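Examining the three-dimensional arrangement
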Amino acid sequence: MIGHNRDPVPPASKIPRMAGSLRQRRGRGRVPREPDRSHFPDSSHSRSQGRPQDRLATVSPPSPPRPSPDPFRYAAGTPPRPRAVRAAPPPHRRDTPRMGLLMRILVTGGAGFIGSQFVRALLSEELPSGRDARVTVLDNLTYSGNEANLAPVADLPGYTFVRGDIRDPGTVDEAVRGQDAVVHFAAESHVDRSILDSAPFVTTNVLGTQTLLDAARRHGVGRFVHVSTDEVYGSIAEGSWTEDWPLAPNSPYSASKAGSDLLALSYHRTHGMDVVVTRCSNNYGQYHFPEKMIPLFTTNLLDGKKVPLYGEGLNVRDWLHVSDHCRGIELVLRDGRAGEIYHIGGGTEVTNKELTGLLLDACGAGWDMVEHVEDRKGHDLRYSLSIGKIQEELGYAPRVSFAAGLADTVQWYRDNRAWWEPLKAKAALA
Ligand SMILES: NC(=O)c1ccc[n+]([C@@H]2O[C@H](COP(=O)([O-])OP(=O)(O)OC[C@H]3O[C@@H](n4cnc5c(N)ncnc54)[C@H](O)[C@@H]3O)[C@@H](O)[C@H]2O)c1
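What you are looking at is a predicted structure, and each value in this text was computed from that prediction instead of being measured.

1. Here's the deal with the site of the ligand
- Near the ligand there are 29 residues, and of these G109, G112, S144, G145 and A187 occur at the shortest range.
- For the shell around the ligand, the elements supplying multiple residues, two or more each, are α2 (113-123), α5 (199-218), β5 (223-229) and β7 (282-284).
- No other element matches the 3 residues that α2 contributes to the shell around the ligand.
- Considering only residue class, the shell around the ligand consists of 11 nonpolar, 13 polar and 5 charged.

2. A look at the sheet that holds strand β3 (residues 159-163)
- Spatially, the 7 strands line up as an open sheet ordered β3-β2-β1-β4-β5-β6-β10, and their pairing is parallel. The open sheet has two edge strands, β3 and β10 (341-344), and neither has a second partner. Looking at each pair of strands side by side, their axes are set apart by 20° on average, direction ignored.
- The sheet contact formed by strand β4 (residues 181-184) and β5 spans 4 bridges and is parallel. If you follow A181 over to β5, its bridge partner there is R223.
- α2 contacts β1 (104-108), β2 (134-139), β3 and β4 of the sheet and is inclined by roughly 165° relative to β2.
- The sheet strands contacting α5 are β1, β4 and β5, and the helix crosses β4 at an angle near 175°.

3. Examining the environment of N300
- Within the fold, N300 resides in helix α7 (residues 293-302).
- Other than its neighbours up to four places away in sequence, N300 contacts K305, K306 and V307.

4. Brief notes about the sheet that holds strand β11 (residues 348-351)
- Sheet architecture is open: 3 strands sit in the order β7-β9-β11, paired in mixed fashion. With one partner strand each, in any of the chains shown, β7 and β11 form the two edges of the open sheet. Pairs of neighbouring strands in the sheet enclose a mean axial angle of 45°, with direction left out of account.
- Two strands pair when backbone bridges link them, and strand β9 (residues 316-321) and β11 are joined in this way by 4 bridges, in the antiparallel orientation. Bridging from a neighbouring strand, V316 pairs with T351 of β11.

5. A word on helix α3 (residues 169-176)
- By the burial criterion, the buried members of α3 are T171, V172, A175 and V176. Seen end-on, α3 carries its buried residues on one side only, within an arc spanning 115°.
- Phi turns positive, to about 85°, at G178, one or two residues after α3.

6. A few points about the environment of S116
- Relative to the elements of secondary structure, S116 occurs in helix α2.
- A C-alpha to C-alpha distance of 8.3 Å links S116 and Y287, two positions 171 residues apart in sequence.
- Ignoring anything within four residues of it in the chain, the contact list for S116 reads G110, A111, N149, L150 and Y287.

7. So, the packing of α5 against helix α6 (residues 252-271)
- Two elements in contact, α5 and α6, have axes whose closest approach is 8 Å; the angle formed by their N-to-C orientations is 15°. Relative to α6, the element α5 is oriented roughly parallel. Pair α5 / α6 crosses with right-handed handedness. Every residue of α6 that contacts α5 at F201, V202, N205, V206, T209, Q210, L213 and R217 is listed here: P252, Y253, S256, K257, G259, S260, L263, A264, Y267 and H271.

8. Thoughts on the packing of α3 against α5
- Running from N to C, α3 and α5 cross one another at 45°; their axes reach a closest spacing of 9 Å. Considering their axes alone, α3 and α5 lie oblique with respect to each other. The way α3 lies across α5 gives a crossing that is right-handed. Taken together, the residues of α5 that come into contact with α3 (itself represented by P169, V172, D173 and V176) are T211, L212, A215 and A216.

9. Description of helix α11 (residues 402-415)
- The end-to-end C-alpha separation of α11 is 20 Å, in line with the 20 Å expected for 14 residues at 1.5 Å each.
- F402, G405, L406, T409, V410, W412 and Y413 are the residues of α11 that are buried. Seen from one end, α11 has its buried residues packed into an arc of 155°, which puts them on one side.

10. Looking at the confidence of the model for the protein chain
- Averaged over the protein chain, the pLDDT score is 81; the fraction of residues at 70 or greater is 76%.
- Below pLDDT 50 for its whole length, residues 1-100 participates in 164 contacts with residues either more than four positions away or in separate chains.

11. Notes on unusual backbone geometry
- Its identity as a non-glycine residue notwithstanding, E125 has a phi of 65°, on the positive side.
- Here E125 lies in the loop between α2 and β2.

12. Some points on the pairing of β2
- Burial analysis of β2 places 5 of its 6 residues in the buried class, which makes it a mostly covered element.
- As defined by bridge partners, β1 adjoins β2 across 5 bridges and the pair is classed as parallel. Each residue of the ladder has a partner; that of L106, found in β2, is T136.
- You can see the chain leave β1, run along α2 and come back into β2, and the turn it takes is right-handed.

13. Considering the environment of V182
- Looking at where V182 falls in the secondary structure, it is placed in strand β4.
- Judged by local crowding, V182 falls into the buried class, with 28 C-beta atoms found within 10 Å.
- Residues V182 and R104, spaced 78 residues apart in sequence, show a C-alpha to C-alpha distance of 8.7 Å.
- Those residues within four positions of V182 in sequence are excluded, and the remaining contacts are L106, T108, V176, L212, A216, V221 and F224.

Analysis parameters
Residues numbered from 1 in each chain as written. Predicted model: local features only at pLDDT ≥ 70, side-chain atom pairs only at ≥ 80, totals over all residues. Near = placed C-beta within 6 Å. Helix = DSSP H or I, 4+ residues; strand = E, 2+ residues; numbered from the N terminus. Nonpolar A, V, L, I, M, F, W, Y, C, P; charged D, E, K, R; others polar. Pairing = 2+ DSSP bridges. Axes fitted to C-alpha atoms, helices over the stretch in contact; angles between N-to-C directions. Contact = placed C-beta atoms within 7 Å. Buried ≥ 20, exposed ≤ 12 C-beta atoms within 10 Å, placed from the backbone. Arc of directions from axis to C-beta. Parallel < 35°, antiparallel > 145°, perpendicular 65-115°, else oblique. Left-handed = near helix turned anticlockwise from the far one by under 90°. Expected span 1.5 Å × (residues − 1). pLDDT = per-residue confidence, 0-100. Right-handed = clockwise from strand over helix to strand, strands pointing away.

Structure representation (structure tokens):
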């Protein structure tokens, strides 16, 4: 049963504000087809050998030869299967109401970190598909879901919040009926929690996705965007993954996401559904639940507490500002090809130790505030995505430099204690 959640939102004074008002942030023009590098002080994009804070926009070294031409090939030795025939134009281009017309979009997990950014950006028309769109959020508000993340748009016309579980077929059926598109963010998303208990990861990430896909198929939804992660590929010592790389997930979280990716793609192959999968690197930005590295370290340091660094801190991650991620998803929603996978990356690789140094500097703390803790089990050493496909096909390029994005993010946590203090207590109990 769907429960329309009408809980009062916190008083306006307690609600974090986005930079600039919604109206100021309206952007009615099309996203430029040419990659916009104007926000990158380093226009060469070559990897700097200097301090991590100097690496404002780095690119990955060239990829080694592809090990498999087929995204469905799971392990070496599996016989290749034929690729999906690319029909042109994709169905959504004919059938789905286009930008500028009324479009009904269901956003699952829209009260979480990335989903809420997507909804705020849609309804503020920062993303073109938001123009005249009706956006319904379906979210059951787990420990990481927070309706306050949507407070800046809660009173805008065209917004509906539905509290419900994507594993419940009745709820999902009702929420999906009448939608033109589904953008599916809802997931259990924290690797450490999946190591402690993988059951909710399998039920939400795999069964929940299947429940949504079945409902979308039943109701003839025009487009289904499944949001996934680079972690499905495992770890890569050098070079960068392309979209046809074999999957080799190492944690229960990434294994459950890999399962959901394959299910989503199978609905395209088997049923001809208009499904597109995105895989992104590590996101950062405002409204990030304070259990993940950047908000955890920042809020600990702001409270004068130590930060726990896994092992020697040599794990490398590519950081992507959440607004760039959502811009990439919206490009895929509008113009991605059905049955395809698109990578969305930030282009800045740093080790966890380098990132720790940047956060210590930003918070005015020293290395005495760092506590080395036992490494995470099965910890992937390095993630790196090639983003050539989305750049060439859809004109995507990250716009927020890591230095500017990180400084903004730390400042946001300084300014919004009322948002994160209760969540830290909740995280400890969950
Ligand atoms: N955060 C990252 O760096 C990152 C990187 C790559 C991919 N992703 C993917 O992006 C998506 C969003 O990630 P996030 O960081 O915003 O996660 P999050 O944990 O902040 O948000 C997840 C949201 O899903 C909701 N949810 C969970 N289970 C649900 C269920 N059974 N029914 C309905 N709603 C449910 C939660 O309440 C929450 O609002 C996930 O699919 C994740 O795998 C995230």
